[in-house]
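# Coordinate analysis (summary)
The primary structure of each chain is shown beneath.
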Amino acid sequence: MADLSPQELRVLAAVADSGGFSAAGALLGLSQSAVSHSVRGSEAKVGAVLFERGRGGASPTPAGERAVALARRILRMYEVLGAEARGAGRDTVAGVLRIAAFRSAALHLLPPALERLTARHPGIRPEVRVVRELGAGTAGEVAAGRADLAIATLNAGGGGVGGGVGGATGAGGSVPAGAAAPGRLLTGVLREEAYALVHPAGHPDPRSLPLLDWDENCGSYTRDWWRAQDWIPRATVKAEDDGMVLTMVGRGLGMAILPELSLREATDAVDITGLGPSGPVRHVGYVTAPESASTLAVRALIRELRSEAG
């Protein structure tokens, strides 16, 4: 198979990002016909149809989704090549560092680590995107080539990344670069968090209250624990995020089961009760791609995250 050129990779990514050949051409300064010709050439080289064409534009096929994800990741290596070469043998790290994190991690776990990181390496420019832990979640941003590192919830039993990203390695500890097969993701646990019952302060029987929940809460390992508890009712309210749930609990509207990071925003309006040694826990960790794991900026951020996690 003939290699795809960097420009062909850029065209694939632009079509996927913009949703059409004309829009991709506008992004790249190319005509629609030039974009179409490039895509057809890439499909011939790859040996697969990469985009479905239609009146509404172009959308990646399953083969296209994989090709575009790899294209973004390859182009990212082109982008960081200069910074990596200049930083080799010197204590300098520079350039954009793209991070995806779920809300409570972005609010509480990431800022202290970034503060130390940028103090040590003023040339680093972090770009943080808050991504909901639904579907592919934050780890999906890494897999798709849109982030260099993600803060994600990891399955407790070594089953990979909580958002269901295929190919992620187990979460039972830090995974060294090169430990996973090409194209797979590397993970490392940063912290283990117990869930707790949070309820209106002073309530005499919090377990009698309605359950408040949010879409991102838990994974299969926590859901299994929930199903075994006959005192937990079906959720009557599904909020957008954990902060909204905590506010509603403080208003006396129900009780909730939340992890430690979410409870950092708790006020005197709520009480927190532990669920005991058999209660659920979640593992919060980092996710990165093998090619990014060895870059200076990602390695420096992982060091700071581990330091923050204790």
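Before reading further, recall that the structure is shown in the block above.
Please read these numbers as outputs of a predicted model, since none were measured by experiment.

To continue, consider the overall build of the protein. When helices and strands are tallied, the protein shows 11 helices and 11 strands. Within the protein, buried positions represent 48% of all 310 residues. Taking the contacts inside the protein whose residues are at least 6 apart along the sequence as the reference set, 68% of them involve residues at least 24 apart. Accessible area for the protein stands at about 14300 Å²; split by element, carbon and sulfur atoms hold 52% of it.

To continue, consider helix α2 (residues 21-28). When we look at burial in α2, the residues that qualify are F21, A24 and G25. Viewed along the axis of α2, the buried residues span an arc of 100 degrees, placing them on a single side of the element. Exposed and oriented more than 90 degrees from the buried face of α2 are A26 and L27. Against α1 (6-18), α3 (32-46), β1 (51-54) and β2 (57-60) lie the buried residues of α2. G29 sits one or two residues past α2 and shows a positive phi near 75 degrees.

This part takes up the environment of L75. Here L75 shows up in helix α4 (residues 62-87). As a C-alpha pair, L75 and A13 span 62 residues in sequence and 9.4 Å in three-dimensional space. With residues near it in sequence (within four places) discarded, L75 still touches P6, L9 and R10.

Residue position: S104 is located in helix α5 (residues 103-120). Residue classification places S104 among the buried residues on the basis of a relative accessible area of 2%. Once residues lying within four places of it in the same chain are set aside, the contact partners of S104 are L109, D242, L261, S262 and R282.

Calculation criteria
- Residues numbered from 1 in each chain as written.
- Predicted model: local features only at pLDDT ≥ 70, side-chain atom pairs only at ≥ 80, totals over all residues.
- Heavy atoms only, no water.
- Helix = DSSP H or I, 4+ residues; strand = E, 2+ residues; numbered from the N terminus.
- Buried < 20%, exposed > 50% of the residue type's maximum accessible area, 1.4 Å probe, protein only.
- Contact = heavy atoms within 4.5 Å.
- Areas by Shrake-Rupley, 256 points an atom, 1.4 Å probe, with all protein chains shown as cover.
- Arc of directions from axis to C-beta.

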